[in-house]
Amino acid sequence: MPQQDEGDQGSVTPDPAGPMPPALKSDTRQTNWRRANLLKYSAHLAVQRALASGQLQKRPCEVCGAETVDAHHDHYDQPLAVRWLCRTHHVKLHHYGEDMFPIGNTPRDQD
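Since the structure is predicted, the reported quantities are computational estimates derived from the model, not experimental observations.

About the criteria used
- Residues numbered from 1 in each chain as written.
- Predicted model: local features only at pLDDT ≥ 70, side-chain atom pairs only at ≥ 80, totals over all residues.
- Heavy atoms only, no water.
- Core = buried A, V, L, I, M, F, W, Y, C linked by side-chain atoms within 4.5 Å.
- Buried < 20%, exposed > 50% of the residue type's maximum accessible area, 1.4 Å probe, protein only.
- Helix = DSSP H or I, 4+ residues; strand = E, 2+ residues; numbered from the N terminus.
- Contact = heavy atoms within 4.5 Å.
- Axes fitted to C-alpha atoms, helices over the stretch in contact; angles between N-to-C directions.
- Parallel < 35°, antiparallel > 145°, perpendicular 65-115°, else oblique.
- Expected span 1.5 Å × (residues − 1).
- Salt bridge = Lys/Arg side-chain N within 4 Å of Asp/Glu carboxyl O.
- Arc of directions from axis to C-beta.
- 1 Å grid on protein atoms, 1.4 Å probe; cavity = no way out; pocket = protein on both sides within 12 Å on 5 of 7 lines; lining within 4 Å.
- Points joined across faces, edges and corners; volume = space filled by probe spheres on them.
- Nonpolar A, V, L, I, M, F, W, Y, C, P; charged D, E, K, R; others polar.

A.B. asks: I'd like to hear about the nonpolar core, residue by residue, with values.
C.D. replies: Grouped together as the largest cluster of nonpolar side chains are twelve residues: Val 47, Ala 50, Leu 56, Cys 61, Val 63, Val 69, Val 82, Trp 84, Leu 85, Cys 86, Leu 93 and Phe 101. Taken together, the elements giving at least two residues each to this core come down to helix H2 (38-53) and strand E4 (82-85). Sorting elements by how many residues they give to this core places E4 first, with three residues. Not counting chain neighbours up to four residues away, the residues in contact with Trp 84 comprise Val 47, Leu 51, Leu 56, Gln 57, Lys 58, Arg 59, Pro 60, Cys 61, Glu 62, Val 69, Asp 70 and Ala 71.

A.B. asks: Tell me about the packing of helix H1 (residues 29-36) against H2, residues and numbers included.
C.D. replies: It is at 5 Å that the axes of H1 and H2 come closest, and there the two elements cross at 105 degrees. What the angle tells us is that H1 and H2 run roughly perpendicular. Note on element contacts: H2 touches H1 through Leu 38, Lys 40 and Tyr 41, opposite Trp 33, Arg 34, Arg 35 and Ala 36.

A.B. asks: Account for H2, naming residues and giving values.
C.D. replies: If you check H2, its first and last C-alpha atoms are 22 Å apart, about what 16 residues at 1.5 Å a residue would give, namely 22 Å. Where the residues of H2 are buried, they touch H1, strand E3 (70-73) and E4. Just downstream of H2, Gly 54 is the residue with a positive phi angle, here 90 degrees.

A.B. asks: Please give an account of the pattern of salt bridges that cites residues and values.
C.D. replies: A full pass over the atoms with the stated rule returns three salt bridges. Across the pair Asp 70 and Arg 87 runs a salt bridge whose closest N-O atoms are separated by 2.6 Å. Placement of Asp 70 in strand E3 and of Arg 87 in helix H3 (residues 87-96) is noted, with a sequence separation of 17 residues between them. In this structure Asp 70 comes out as buried when scored by relative accessible area, which is 15%. Residue class for Arg 87 comes out exposed when judged on its relative accessible area of 55%. A salt bridge links Asp 74 to Arg 83, with the nearest nitrogen and oxygen atoms 3.3 Å apart. Here Asp 74 falls in the partly exposed class, since its relative accessible area comes to 22%. The network of salt bridges with common partners includes Glu 62, Asp 74 and Arg 83.

A.B. asks: Which residues make up H3, and what values go with them?
C.D. replies: Looking only at H3, the buried set comprises His 89, His 90 and Leu 93. The arc that holds the buried residues of H3, viewed along the axis, is 105 degrees, so those residues lie on one side. Within H3, the exposed residues directed more than 90 degrees away from the buried face are Arg 87, His 95 and Tyr 96. Looking at the packing, one finds that the buried side of H3 touches E3 and E4. Downstream of H3 by a residue or two, Gly 97 has a phi angle that is positive, lying close to 105 degrees.

A.B. asks: Go over the layout of surface pockets, please, and point to the residues and values.
C.D. replies: The volume enclosed by the largest pocket comes to roughly 440 Å³. Around the largest pocket, the lining comprises 19 residues; the ones closest to its centre are Trp 33, Lys 40, His 44, Ala 71 and His 73. Going through the elements one at a time, H1, H2, E3 and H3 are the ones with two or more residues in the lining of the largest pocket. Among the elements that make up the lining of the largest pocket, the one with the highest residue count is H2 (six residues). Along the lines of polarity and charge, the residues of the lining of the largest pocket split into eight nonpolar, seven polar and four charged.

This is the structure:
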């Protein structure tokens, strides 16, 4: 939680620990996954916030060009560095592995 400087009523110093993860109070399967995967969950929330603010815009699937897409993180420590994949290609990528659609080696990149 941010701390207020004693001498300055209006300024707030940032918490050195960084932003707090969202409070997860329920005991559902989804909430338990979020607790166990805070980095992934935080990256997902960062994408949602960036889309809502206009900082990030969805693009067509990088494999087939479909307009209905999911954000895929190759590295969760880079939350806004996402690949846009349709659900079919996103599921295939997770099922068959990252070699299925290597970064920068898709048919759309070769046009």
